[in-house]
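# Chain and residue survey
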Amino acid sequence: MKKTIATFLCMLGNAPAIAQEGRFVTFKTLQDKWGRTEHQVDRGTIKQEGAYKAFWTRVWMPKDKHPVAISAGRQLFIWSQKFAVDCAGQRLTAQFIDSTDPREQKRKASVQTARWTRLDKNPALNRVVCGGKLCGPRH
């Protein structure tokens, strides 16, 4: 009972912080040929796929306040990449497993062949995708 009350209080205390994050949550920032770009989880795409949770990201340019768009075959796409998370194993694919950019199809990995990284290095992603707490270690 005490654990349930503590969990509820933790969730209640974190509700404003989670609500402020909105639909997109940055989980990786890079410096590349376009300058600073952010990979942002699209919360609307998080879903269970077998033993893993998968999600799509958008690549965002904070300086210009818009997503990165790419063209392929006379069509314009918002650049998105798909990643997988093993919530039980607390790990994330370090490589994308799908992409909207047709030029990246040869570089994508599968969940079986991808390199994995520890999820504890990315608490925002753990919280958003796996429901990990902001209040400390799991009980």
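Please refer to the structure placed before this passage.
Right, let's walk through the structure included here. These numbers come from a predicted model, not from an experiment.

### What about the pattern of salt bridges?
All told, the structure shown has eight salt bridges when counted by the stated rule. Residue lysine 108 pairs with aspartate 98 through a salt bridge whose shortest N-O separation is 3.8 Å. On the criterion of sequence distance, the pair formed by lysine 108 in the loop between strand 10 (98-99) and strand 11 (116-118) and aspartate 98 in strand 10 is long-range, its members being 10 residues apart. For aspartate 98, a relative accessible area of 22% puts it in the partly exposed group.

### A short note on the environment of phenylalanine 55
The residue phenylalanine 55 is located in strand 4 (residues 52-61) in this model. Spatially, the C-alpha atom of phenylalanine 55 lies 8.4 Å from that of glutamine 81, the residues being 26 residues apart in sequence. Residues contacting phenylalanine 55, with those up to four places away along its chain left out, are Phe27, Val41, Thr45, Ile46, Gln81, Lys82, Phe83, Val85, Leu92, Leu125 and Val129.

### Comments concerning the pairing of strand 7 (residues 75-78)
Across four bridges, strand 6 (residues 69-72) lies against strand 7 in antiparallel orientation. Bridge assignment links isoleucine 70 to a residue of strand 7, and that residue is phenylalanine 77. Between strand 6 and strand 7, which pair antiparallel in sequence order, lie two residues; one of them, glycine 73, sits at a positive phi of approximately 60°.

### Re the layout of surface pockets
Its boundaries defined by the atoms lining it, the largest pocket holds a volume of some 210 Å³. Lining the largest pocket are 16 residues, with Trp34, Trp79, Gln81, Glu104 and Arg107 sitting closest to its centre. Those elements that place two or more of their residues in the lining of the largest pocket are strand 1 (24-32) and strand 2 (35-42). The dominant element in the lining of the largest pocket, judged by the number of residues it contributes, is strand 1, at three residues. When grouped by side-chain class, the residues that make up the lining of the largest pocket number six nonpolar, three polar and seven charged.

### Re the packing of aromatic side chains
Considering all chains together, one arrives at four aromatic pairs under this definition. Both rings, one in phenylalanine 27 and one in phenylalanine 83, keep their centres 5.5 Å apart while their planes meet at 80°; by these two values the pair is edge-to-face. Taken as a pair, phenylalanine 27 in strand 1 and phenylalanine 83 in strand 8 (residues 80-86) lie far apart in primary sequence, 56 residues in all. Given a relative accessible area of 1%, phenylalanine 83 falls into the buried group. When the ring of phenylalanine 55 is compared with that of phenylalanine 83, the centres are 6.0 Å apart and the planes differ by 20°; the resulting orientation is stacked.

### A word on the state of the cysteines
Enumeration according to the criterion identifies one disulfide in this entry. A disulfide bridge connects cysteine 87 with cysteine 130, and the sulfur atoms are separated by 2.0 Å. In this structure the cystine formed by cysteine 87 and cysteine 130 twists about its S-S bond by roughly -85°; its chirality is therefore left-handed. Here cysteine 130 lies in helix 2 (residues 123-130) and cysteine 87 lies in the loop between strand 8 and strand 9 (91-93), a separation of 43 residues in the sequence.

What counts and how
- Every chain is numbered on its own, with residues counted from 1 as its sequence reads.
- Totals for whole chains, interfaces and linings use all residues, but because this is a predicted model, local features are given only for residues with pLDDT of at least 70 and pairs of side-chain atoms are given and counted only at 80 or more.
- To get the side-chain values, take all heavy atoms of the structure and skip hydrogens and water.
- One speaks of a salt bridge when a side-chain nitrogen belonging to Lys or Arg is within 4 Å of a carboxyl oxygen belonging to Asp or Glu.
- Each helix is a run of H or I in the DSSP string that is no shorter than four residues. Each strand is a run of E no shorter than two, and both are numbered from the N terminus.
- Remark: exposure states derive from per-residue accessible area (1.4 Å probe, protein chains only) relative to the maximum for the residue type, with buried under 20%, exposed over 50%, and partly exposed in between.
- Contacts between residues were defined by any pair of non-hydrogen atoms, one from each residue, lying within 4.5 Å.
- Whether two strands pair comes down to DSSP finding at least two bridges between them.
- Only protein atoms enter the 1 Å grid used here. Points where a 1.4 Å probe fits but cannot escape make up a cavity, open sets with protein on both sides within 12 Å along at least five of seven lines make up a pocket, and a residue lines them when an atom lies within 4 Å of a point.
- Grid points are joined across faces, edges and corners, and a volume is the space filled by probe spheres set on the points.
- Amino acid classes used here: Ala, Val, Leu, Ile, Met, Phe, Trp, Tyr, Cys and Pro are nonpolar; Asp, Glu, Lys and Arg are charged; the rest, including Gly, are polar.
- Note on ring pairs: Phe, Tyr and Trp rings are taken, using the six-membered ring of Trp, and paired if centres are within 6.5 Å. Classes follow the plane angle, with under 30 degrees stacked, over 60 edge-to-face and the rest tilted.
- We call a pair of cysteine sulfur atoms a disulfide whenever their separation is within 2.5 Å.

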